[in-house]
Amino acid sequence: MAQTVTSLCHQHLKKCFQTLEMTNKAWNLVLAECTPLISSLGNLGEQLRALANVQLDLTPLHRFPDLKERLRFKLLQAVDVVLCKLTDKVDELQKLLKTLNNQVSTAFQFYEQNTDTLDLATCTLRSATSPSIADMLEWLQDAHNYYRSQFQRRKHLLQVLRPDDLVFIEEVSKRWESFYSADGEEHIEDTLSRVCLFVDS
């Protein structure tokens, strides 16, 4: 009985790490697709700033009294388009996070329902090809928390960003890049390397 429960727990954990590997690859692809959009947003902010500072009355364009407002309207429209695309990308991140969350929650639920069998000795047992159940549950929780934090920060940035806030738009690229965590990414890669033999077994 105990061996069966341990085997089933291992199956849940393998599925979690397979999902984590898929999430990691897909997540990085989505972020790569966000990079040119973030750059475009910063460029549009600079154009809006330049437009706000220029005095068209002192140029030959003064013959078009509403030109400045029309140009501003066009630029703000372009900002809205880019923000919509970025929102779609963040929605993709949310779907990836939800898939990972569901898989990890299932594994933890199985563990909690079988604590009588999965005692301390069983959960701390490790082998050459298999880390301990306790370690793997902790690694999965850390990975989920990392991706959840990454998602929440990026989502919040887009939620508070206003097209008419030129300073914010100009700085959005720096803020977005500041969310990247080399330590967090390294932790995910380390986790996946630690379980590769276990997942393939």
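As the structure is a computational prediction, the values presented were derived from the model and not from experiment.

Considering the overall build of the protein
Thinking step 1. Looking only at helices and strands, the protein has 6 helices and 0 strands in total.
Thinking step 2. Its C-alpha atoms give the protein a radius of gyration of 24 Å, clearly above 17 Å, the size a compact globule of 201 residues would have.
Thinking step 3. With the principal axes as the frame, the protein shows a C-alpha extent of 85 × 25 × 20 Å.
Thinking step 4. Within the protein, the fraction of its 201 residues that count as buried is 38%.
Thinking step 5. Relative to all contacts within the protein whose residues are 6 or more apart in sequence, the contacts with residues 24 or more apart total 82%.
Thinking step 6. For the protein, the separation between the mean place of its 22 positive charges and that of its 27 negative charges on side chains is 7 Å.

Regarding the nonpolar core
Thinking step 1. Grouped together as the largest cluster of nonpolar side chains are 56 residues, with contacts concentrated most on Leu13, Phe17, Leu20, Trp27, Leu41, Leu86 and Tyr147.
Thinking step 2. Taken together, the elements giving at least two residues each to this core come down to helix 1 (2-53), helix 2 (67-113), helix 4 (133-160), helix 5 (166-178) and helix 6 (182-200).
Thinking step 3. Looking at which element gives the most residues to this core, the answer is helix 1, with 16 residues.

Describing the pattern of salt bridges
Thinking step 1. Using the criterion set out here, one finds 8 salt bridges in the structure.
Thinking step 2. Between Lys25 and Glu21 there is a salt bridge, and its shortest N-O distance comes to 3.8 Å. Here Glu21 and Lys25 lie together in helix 1, a separation of 4 residues that amounts to about one turn.
Thinking step 3. Across the pair Glu170 and Arg49 runs a salt bridge, and its minimum N-O distance is 3.4 Å.

Overview of the layout of surface pockets
Thinking step 1. A volume near 200 Å³ is recorded for the largest pocket.
Thinking step 2. Asn28, Leu31, Thr35, Ile38, Ser39, Arg154, Ser173, Trp176, Glu177 and Tyr180 together form the lining of the largest pocket.
Thinking step 3. Sorting the residues of the lining of the largest pocket by element identifies helix 1 and helix 5 as the ones contributing at least two each.
Thinking step 4. Considering each element in turn, the lining of the largest pocket owes the most residues, 5 residues, to helix 1.
Thinking step 5. Grouping the amino acids of the lining of the largest pocket by side-chain chemistry returns 4 nonpolar, 4 polar and 2 charged.

Remarks on helix 6
Thinking step 1. Counted at 1.5 Å a residue, the expected span for helix 6 with its 19 residues is 27 Å, and the 27 Å between its end C-alpha atoms agrees.
Thinking step 2. The axis of helix 6 is deflected most strongly, by about 40 degrees, at Arg194.

Topic: a negative patch on the surface
Thinking step 1. A surface patch of negative charge is lined by Asp183, Glu186, Glu189 and Asp190.
Thinking step 2. Relative to the assigned elements, Glu186 resides in helix 6.

Points about the side chain of Thr191
Thinking step 1. Checked against the element boundaries, Thr191 lands in helix 6.
Thinking step 2. Only 2.9 Å separates the side chain of Thr191 from the backbone oxygen of His187, close enough to count as a polar contact.
Thinking step 3. What Thr191 contacts, discounting residues up to four positions off in sequence, is Phe17, Leu20 and Trp139.

A word on the side chain of Thr6
Thinking step 1. Within the secondary structure, Thr6 sits in helix 1.
Thinking step 2. Other than its neighbours up to four places away in sequence, Thr6 contacts Leu118, Thr122 and Ile133.

Considerations on the environment of Arg70
Thinking step 1. Looking at the element boundaries, Arg70 is found in helix 2.
Thinking step 2. Arg70 sits in the partly exposed class, given a relative accessible area of 46%.
Thinking step 3. Sequence separation between Arg70 and Arg162 is 92 residues; the distance between their C-alpha atoms is 19 Å.

About the criteria used
- Residues numbered from 1 in each chain as written.
- Predicted model: local features only at pLDDT ≥ 70, side-chain atom pairs only at ≥ 80, totals over all residues.
- Heavy atoms only, no water.
- Helix = DSSP H or I, 4+ residues; strand = E, 2+ residues; numbered from the N terminus.
- Rg over C-alpha atoms; globule rule 2.2 N^0.38 Å.
- Buried < 20%, exposed > 50% of the residue type's maximum accessible area, 1.4 Å probe, protein only.
- Contact = heavy atoms within 4.5 Å.
- Lys, Arg positive; Asp, Glu negative; His and termini not counted.
- Charge placed at Lys NZ, Arg CZ, Asp CG, Glu CD.
- Core = buried A, V, L, I, M, F, W, Y, C linked by side-chain atoms within 4.5 Å.
- Salt bridge = Lys/Arg side-chain N within 4 Å of Asp/Glu carboxyl O.
- 1 Å grid on protein atoms, 1.4 Å probe; cavity = no way out; pocket = protein on both sides within 12 Å on 5 of 7 lines; lining within 4 Å.
- Points joined across faces, edges and corners; volume = space filled by probe spheres on them.
- Nonpolar A, V, L, I, M, F, W, Y, C, P; charged D, E, K, R; others polar.
- Expected span 1.5 Å × (residues − 1).
- Bend = angle between axes of the 7 residues up to and from the residue.
- Patch = residues over 30% accessible without salt bridge, like charges linked within 9 Å, V, L, I, M, F, W, Y side chains within 5 Å.
- Areas by Shrake-Rupley, 256 points an atom, 1.4 Å probe, with all protein chains shown as cover.
- Polar contact = N/O pair within 3.5 Å; in protein donor to acceptor, adjacent residues only side chain to side chain.

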